[in-house]
Amino acid sequence: MRAPRSWLKEFAAIPTSLSSDEIAQAFIRVGFEVEEIIETGVDLTGPLVIGDVVSIEEITEFKKPIRFVGLDCGEGKIRFVICGAFNFKVGDLVVVALPGAVLPGGFEIAQRETYGKISDGMICSSRELALSDEHAGIMVIAPGQAHIGDDAIVLLEINDTIFDIAVNPDRGYALSIRGLAREIAGVLGLSYTDPVEALRSCEFEERGIGVKPVLETGASVLYLTTLGNYNPQSPTPLWIIRRLEKMGMRSISLAVDITNYVMLELGQPMHAFDRSEISGDIRIGRLKTGESFITLDSQERNVSPDDVVVMDDKRTLAIAGIMGGAGSEINELTTELVIEAARFDPMAIAKSSRRHKLSTEASRRFERSVDASLAQFASARCAQLLIEFAGAVHIQTRSSGKPVYAPIVQLDPQYISRVLGIDVPEQKICEILTMLGCDVDADFNVDPPSWRWDLTQPADFVEEVARMLGYDSIPSHLPPRPLHASLTAAQKRRRAIALSLAAQGLSEVQTFPFTNDALIASMGYVAERASTYRLANPMSEDNPVLRTHLLPGLAQVAQRNIGRGAKDIAIFEIASIFRNSQDLGPAISPELGAKPSDNIIADIFASVPVQHLHCAGLLGGKIERESWRGKARSFDHNDAIAHVERILELSNLSYSLKRSDFAPWHPGRCVEFIIDGRPVAHAGELHPRVVEQFSLPLRSVAFVINLDALPQTPMVRAQSVAVMPPATQDVSLIVDTSVLAGDIEAALREGAGELLESITLFDRYAAIGEGKVSLAFTLTFRAPDRTLTGDEVSAMREAATAVAVNKYGAEVRTA
């Protein structure tokens, strides 16, 4: 939004002593971003005057047609210049740069000979004066708007400062000179004159029946002002043209220029229709069926029932709040006008604008919401200007609908001081809110102004007071460190596990929590592990249920990457799964004005599925490639088991192992981890059917840990530093192949006593005999206060072996 200083001064009493930078800083203090400060006229020096074209000689003997123009510049003599433009005639008033003038870009004007003639100056275009980008011809001033010899720099208000301001979506009122002037007046403590106040008493005599407005949907207020006796040849006043140019717009015709001018001045977009092209009433609503429609930019657009449109009894006249139609636009034969001003639904305009990929000055304002009461006053302002400059006659103004305003808010002045952390007197708060347009009574019931739809709760008024006081006036204090500003124990564990797996070369992935019944069944899940929740509105019909396990998603990720050339896979995911283990209560949307009660919170949790946090990994292919260092090695079930063991040890948990036939693992090649008698994890080789289904490398392995089932333990467990030397003993036991190594280890621990520091399985030899296997362990003993003797260590070794022999029929291997 551009804002010329000369226009802002009409409503805010900005002193000349105030610099442009100070004004820009004031805008910034109240929350606007000043993208650019444009100083116009600083690189232009006169003499620049208004001249009357008294003669034109066409010079045609050159390759490019040229005119030799005689000008009366009020000097008592005729001045001749060479000009290549053809958009003017004898009797027109033009802008002339006399010798000695310097135009923008450092272009100096001097008397010179060209095309065999002496050119004593230059006739200027808007572009050459840096007034606009218009360069189709030179500037022609309408009769009666200037006099011969006038200083064009003063007449055209060339010396000005233009602020280019970025307006936030919640500050639609600031897309007008009226709104920005109010802001600058408030922050600088200047007097402010609201242009709407002068329009409240504006009345027009009715001279007939105007077009009737009918409001169906898509707007809250609609005003239609019908005008007759409009002169389409009336020129746009020069001061309006210049203000439009400073705002980045070009002059089109008087009626269109005035609607644009009022939009920029007050913030209310409007549209002018040719009444002769309207059949019956003007209605705002939606079409029953779509239709093609040509807009003012000559583009054919398909208007759908989702669009809010302006229409008469026969056809569509405009896409509401965005752009009018070519069939009812103002032309050189128009003598009767209908001026439409409405307060459209911001959401409807935003959707239509994006649907048609058409953003206009009008749509940008309606999307941000315009003043609910402004349609009435903007219509009056537009009629006022058209009557004054086009000789129009007011026929009738008719309206439909009623403005909808923000509710009155009960405000506690002390609340503002508490939130800002500074003492703000009640009188100052009242002064600021009143300046912003609010009505404040003795009990601090605040009625927001019609243009501030966003002021709906006390916190909104805190922001307004802070803006006007200046954020730099609020002291900066570091807040006290919250007691809860740290990760929970579960969060710390999750982060440590993820970092550990990543450090071991696994890549973390994230998959969607959606799957399908066929995939669940193909993995071999049954009973509770296959029971899930069906989504009421799935993202894809291919995956209409919530996942019950992480492994299917990991397998699909592996399959996709293998299809793209990956040979080895090592991935993991930490995420939630869902099991349909309870009936859910109805969905609850609690009131937002207060904290829900404990019962409501309990009902909320009862209405959503239980979400178990799992950690799963999938490994396939080579863990080590063949090289001069050694032979290649593929992932096997020991790698999956080792990852689970490291995670449980990282969590400082003790566990036991058990053989398992859990799907989707290979029967007999899956290990179940048990803590406190409860299964918490599984690891091993995947079933060949699953490997084939997802085209995984042969004998791929996987692991899954139920993190929610792990007991909470400290992530760091301090251990004393041993000062005495350890004593180690190896023992090899022959047992049946049906006996688990974990059971033998537990038996050895039981018999070894308290001085056993650690026990490690270092060898498993299966070629010992049919149905037999040899398990070799290293037992480490250490006393905290002395060095153990050989007899003590041997006795503890024999005691440990005896328990294994008695419990599992183990035989000590001697060779």
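The coordinates are above.
About the criteria used
Residues numbered from 1 in each chain as written. Predicted model: local features only at pLDDT ≥ 70, side-chain atom pairs only at ≥ 80, totals over all residues. Heavy atoms only, no water. Helix = DSSP H or I, 4+ residues; strand = E, 2+ residues; numbered from the N terminus. Rg over C-alpha atoms; globule rule 2.2 N^0.38 Å. Buried < 20%, exposed > 50% of the residue type's maximum accessible area, 1.4 Å probe, protein only. Pairing = 2+ DSSP bridges. Contact = heavy atoms within 4.5 Å. Axes fitted to C-alpha atoms, helices over the stretch in contact; angles between N-to-C directions. Salt bridge = Lys/Arg side-chain N within 4 Å of Asp/Glu carboxyl O. Parallel < 35°, antiparallel > 145°, perpendicular 65-115°, else oblique. Left-handed = near helix turned anticlockwise from the far one by under 90°. Nonpolar A, V, L, I, M, F, W, Y, C, P; charged D, E, K, R; others polar. Patch = residues over 30% accessible without salt bridge, like charges linked within 9 Å, V, L, I, M, F, W, Y side chains within 5 Å. Areas by Shrake-Rupley, 256 points an atom, 1.4 Å probe, with all protein chains shown as cover. Disulfide = S-S within 2.5 Å. Phe/Tyr/Trp six-rings, centres within 6.5 Å; stacked < 30°, edge-to-face > 60°. Polar contact = N/O pair within 3.5 Å; in protein donor to acceptor, adjacent residues only side chain to side chain. Expected span 1.5 Å × (residues − 1).

Peer 1: What is the right way to look at the overall build of the protein chain in this model?
Peer 2: Within the protein chain one finds 21 helices and 42 strands. Taking 815 residues into account, the globule formula puts the C-alpha radius of gyration at 28 Å, and the protein chain, at 42 Å, lies well above it. On the principal axes, the C-alpha backbone points of the protein chain span a range of 135 × 70 × 60 Å. Burial analysis of the protein chain (815 residues in total) assigns 48% to the buried set.

Peer 1: Is there a simple way to think about the sheet that holds strand β37 (residues 678-686) in this case?
Peer 2: By way of backbone hydrogen bonds, the strands of a sheet pair with one another, either parallel or antiparallel. Pairing within the open sheet is mixed, and its seven strands lie in the order β28-β31-β32-β38-β37-β36-β35. Two strands bound the open sheet, and with one partner strand each, they are β28 (507-508) and β35 (656-660). Pairing of strand β36 (residues 665-675) with β37, which is carried by seven bridges, proceeds in the antiparallel orientation. In the strand pairing of β37, Glu 672 is matched with His 682. Against the sheet, helix α14 (residues 489-503) engages β28, β31 (569-578), β32 (611-620) and β38 (701-706), with an angle of about 160° to β31. Contacts from helix α18 (residues 637-650) reach β32, β35, β36, β37 and β38, with the element oriented near 25° to β38.

Peer 1: What am I meant to see in the pattern of salt bridges here?
Peer 2: Considering all chains together, one arrives at 44 salt bridges under this definition. Between Arg 699 and Glu 685 there is a salt bridge, with its nearest N and O atoms 3.1 Å apart. You can see Arg 699 sitting in the loop between α19 (688-693) and β38 and its partner Glu 685 sitting in strand β37, a full 14 residues away along the chain. With a relative accessible area of 5%, Glu 685 lands in the buried category. Three or more residues joined by partner-sharing salt bridges are found here, namely Arg 171, Glu 183, Arg 452, Asp 454, Glu 463, Glu 464 and Arg 467.

Peer 1: Help me understand the packing of helix α6 (residues 238-246) against helix α7 (residues 254-266) in this model?
Peer 2: When two helices pack together, you describe them by how their axes are tilted relative to each other and by the distance separating the axes. One way to put it is that α6 packs onto α7 with a least axis distance of 10 Å and a crossing angle of 60°. The orientation of α6 with respect to α7, classified from their angle, is oblique. Crossing angle aside, the handedness with which α6 passes α7 is left-handed. Across the interface between the two elements, Trp 239, Ile 240, Arg 243 and Leu 244 from α6 touch Asp 257, Ile 258, Asn 260, Tyr 261 and Leu 264 from α7. Class assignment for the residues of the contact of α6 with α7 results in six nonpolar, one polar and two charged.

Peer 1: Is there a simple way to think about the pairing of strand β21 (residues 316-319) in this case?
Peer 2: Of the strand pairs in this sheet, strand β20 (residues 308-311) and β21 are connected by three bridges, and their pairing is antiparallel. Each residue of the ladder has a partner; that of Val 309, found in β21, is Ile 319. Counting the residues between successive antiparallel strands, the hairpin from β20 to β21 contains four residues. Of the pairings in the sheet, the one linking β21 to strand β22 (residues 323-324) comprises two bridges and is antiparallel in character. What sits directly across from Ile 319, in β22, is Met 323. Between the antiparallel neighbours β21 and β22 lie three residues, among them Gly 321 with a positive phi of about 70°.

Peer 1: Mind showing me how you'd approach a nonpolar patch on the surface here?
Peer 2: Where nonpolar side chains cluster on the molecular surface, the patch consists of Val 54, Ile 78 and Phe 80 and spans about 220 Å² of accessible area. Take Val 54: its relative accessible area is 34%, and that puts it in the partly exposed class.

Peer 1: Explain the state of the cysteines here, please?
Peer 2: Disulfide: a covalent bond connecting the sulfur atoms of a pair of cysteines. Under the definition given, this model contains zero disulfides. Of all cysteine sulfurs, the one in Cys 670 lies closest to Cys 615, which takes part in no disulfide; the gap is 15 Å. Overall, Cys 615 belongs to the buried group, its relative accessible area being 0%.

Peer 1: Just checking my understanding: could you explain the packing of aromatic side chains for this structure?
Peer 2: Two numbers describe a pair of aromatic rings. These are the distance of the centres and the angle of the planes. Overall, the coordinates contain 10 aromatic pairs when judged by the stated rule. When the centroid spacing of 5.5 Å and the interplanar angle of 85° are considered together, the rings of Trp 239 and Tyr 261 count as edge-to-face. Of the two residues, Trp 239 is situated in helix α6 and Tyr 261 in helix α7; the sequence distance between them amounts to 22 residues. On the basis of relative accessible area, Trp 239 is assigned to the partly exposed category, the value being 34%.

Peer 1: What is the right way to look at unusual backbone geometry in this model?
Peer 2: Peptide bonds are mostly trans, and most non-glycine residues show a negative phi. Cis geometry marks the peptide bond from Gly 46 to Pro 47, where omega comes out at 15°. For Pro 47, the position within the fold is in the loop between β2 (33-40) and β3 (48-59). Between Ala 663 and the following residue, Pro 664, the backbone shows a cis peptide bond with an omega angle of 10°. With respect to the helices and strands, the residue Pro 664 is situated in the loop between β35 and β36. For Ala 130, which is not glycine, the phi torsion reads 60° and is therefore positive. The residue Ala 130 is located in the loop between β11 (122-123) and β12 (140-141) in this model. Classification of Ala 130 as partly exposed rests on a relative accessible area of 48%. Residues other than glycine seldom take positive phi values, yet Asn 652 does so here, at roughly 55°.

Peer 1: What exactly am I supposed to notice about the side chain of Asp 454 here?
Peer 2: Checked against the element boundaries, Asp 454 lands in the loop between β27 (445-447) and α13 (458-469). Polar side-chain contacts of Asp 454 include one of 2.9 Å to the side chain of Arg 452. Aside from chain neighbours lying at most four places away, what touches Asp 454 is Asp 170, Arg 171 and Asp 460.

Peer 1: Before we go on, may I ask you to explain α7 in this structure?
Peer 2: Helical geometry note: an α-helix holds 3.6 residues per turn, so side chains three or four residues apart project in the same direction. If you check α7, its first and last C-alpha atoms are 18 Å apart, about what 13 residues at 1.5 Å a residue would give, namely 18 Å. Within α7, 12 of the 13 residues are buried, leaving the element largely enclosed by the surrounding structure. Those residues of α7 lying buried are Leu 254, Ala 255, Asp 257, Ile 258, Thr 259, Asn 260, Tyr 261, Val 262, Met 263, Leu 264, Glu 265 and Leu 266. A positive backbone phi angle near 100° is found at Gly 267, which sits one or two residues after α7.

Geometric values such as these leave the question of function open.
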